[in-house]
Each structure stands twice: as structure tokens, then as C-alpha cells.
Amino acid sequence: GIKAAVILAIEDGHVLLVEQYRVPLERYCIELPAGLIGDHDDGEDALTSAARELEEETGYSAGTLEIVGEFFSSPGMVSESFTLVRARGLTKIGNGGGVDGENIIVHRVAVADLLAFVQAKRAENCVVDVKLLMLPGMVAI
């Protein structure tokens with residue numbers, strides 16, 4: 001029953017990605033910015049969570065946020081779902097990096113260079129979140 005907000009922040013031909021150490025994998029992972037819904041407030045909705053996580057993790061705020069839909073990460077194994085939220089009107093307001101020692105590294109990557117970026121990160125022994133596979137099809141949203 002875990003629910004998360006995943007933020008698709010693509011603007012001016014660039015996408016915001018984050019890199020952070022994931023204990024279960026014992027490696028760094030390249031991901032879209034994301035966070036648990038309601039981890040700060042039980043009544044928090046997906047859009048509120050997405051706004052908070054975008055700012056905490058990347059240092060950007062969004063002028064508008066809209067829900068694309070709810071998706072399931074691995075429905076054959078877990079009930080975890082995520083709400084994909086499209087962020088528009090991005091403004092850099094801080095450094096990002098997360099909270100409580102998350103030590104998140106923010107990457108603003110040209111969509112045209114995404115494949116090369118992912119390949120370079122894999123060469124550094126980073127893992128890649130499967131949600132990045134949807135990026136080429138999501139650029140037009």
C-alpha cells in the first residue's frame with residue numbers, strides 16, 4: 001500500500017534527475033525526483049507531496065503541477081504505486097540535495113543526451129530506475 005509521487009520535470013529540452021545512494025541496492029541510483037505521499041502529513045495529497053519533494057530534492061519549484069496518472073511499479077510482487085506528476089514552469093530556488101543526510105545529487109540533463117548520460121552513469125556502477133525508460137515517450141506530455 002505504499003504510495004509515492006514521482007515528478008516528471010522536463011522543460012526547455014532538459015529533464016531533472018536525481019542520484020542517490022539506495023541502501024537495498026548498495027549503490028547509487030539515477031531516478032526521477034520522488035517521495036512518499038503522506039510521510040510528513042497523513043492528509044497530504046500527491047500534488048502537495050510532489051511540490052515538496054521537487055523543492056527538497058532538486059531545488060526547483062514548479063509553477064504548475066498536474067497528475068498524469070497512477071502506475072504500479074511491480075504489480076506481480078508488491079502493491080506499491082506511484083502517481084506521476086508533470087511539473088511545469090520550473091524556477092531554481094535552492095540547491096536541492098534532500099533532507100536528513102540524503103545527499104542527493106541533482107542532474108539537469110538534455111533529453112537529447114539522456115542515453116549517453118545513462119550509459120556514463122552505468123559505467124560508474126550506478127543503477128537506473130526503470131521509470132527512466134518512459135522518458136522518451138513522456139517528453140511531449
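Notes on the structure follow. (Residues numbered from 1 in each chain as written. Predicted model: local features only at pLDDT ≥ 70, side-chain atom pairs only at ≥ 80, totals over all residues. Heavy atoms only, no water.)

1. Re the nonpolar core
As a rule of thumb, soluble globular proteins bury nonpolar side chains together. In terms of nonpolar packing, the biggest core is built from 17 residues, with Val15, Leu17, Leu32, Leu114, Leu132 and Leu135 touching the most fellow members. Secondary-structure elements contributing two or more residues to this core are β1 (3-11), β2 (14-22), β6 (81-92) and α2 (114-123). Tallying contributions element by element places β1 first for this core, with four residues. With sequence-adjacent residues up to four places away left out, Leu17 is seen in contact with Ile30, Glu31, Leu32, Pro33, Ile105, Val106, His107, Val109, Leu114, Phe117, Leu132 and Leu135. Judged by nonpolar contacts, the second largest core, of 10 residues, contains Ala5, Ile7, Leu16 and Val85. (Core = buried A, V, L, I, M, F, W, Y, C linked by side-chain atoms within 4.5 Å. Buried < 20%, exposed > 50% of the residue type's maximum accessible area, 1.4 Å probe, protein only. Helix = DSSP H or I, 4+ residues; strand = E, 2+ residues; numbered from the N terminus. Contact = heavy atoms within 4.5 Å.)

2. A closer look at α2
Listing the buried residues of α2 in full gives Leu114, Phe117, Val118 and Lys121. Buried residues in α2, looked at end-on, bunch into an arc of 95°, giving them a common side. Residues Leu115 and Ala123 are exposed on α2 and point more than 90 degrees away from its buried face. Phi turns positive one or two residues past the end of α2, at Asn125, with a value near 80°. (Arc of directions from axis to C-beta.)

3. Brief notes about the packing of aromatic side chains
One pass over the full model with this rule turns up two aromatic pairs. Summarising the aromatic geometry, the rings of Tyr21 and Tyr28 are spaced 5.5 Å apart at their centres and angled 70° between planes, so their arrangement reads as edge-to-face. On the basis of relative accessible area, Tyr21 is assigned to the partly exposed category, the value being 40%. Consider the rings of Phe71 and Phe82, whose centres lie 5.6 Å apart with planes at 25°: the pair is stacked. Within this pair, whereas Phe71 is found in strand β5 (residues 60-72), its partner Phe82 is found in strand β6, the two being separated by 11 residues in sequence. Overall, the relative accessible area of 34% leaves Phe71 in the partly exposed class. Lying over the aromatic face of Phe82, Lys131 brings its terminal NZ or CZ to 5.1 Å of the ring centre. (Phe/Tyr/Trp six-rings, centres within 6.5 Å; stacked < 30°, edge-to-face > 60°. Lys NZ or Arg CZ within 6 Å of the ring centre and 35° of its normal.)

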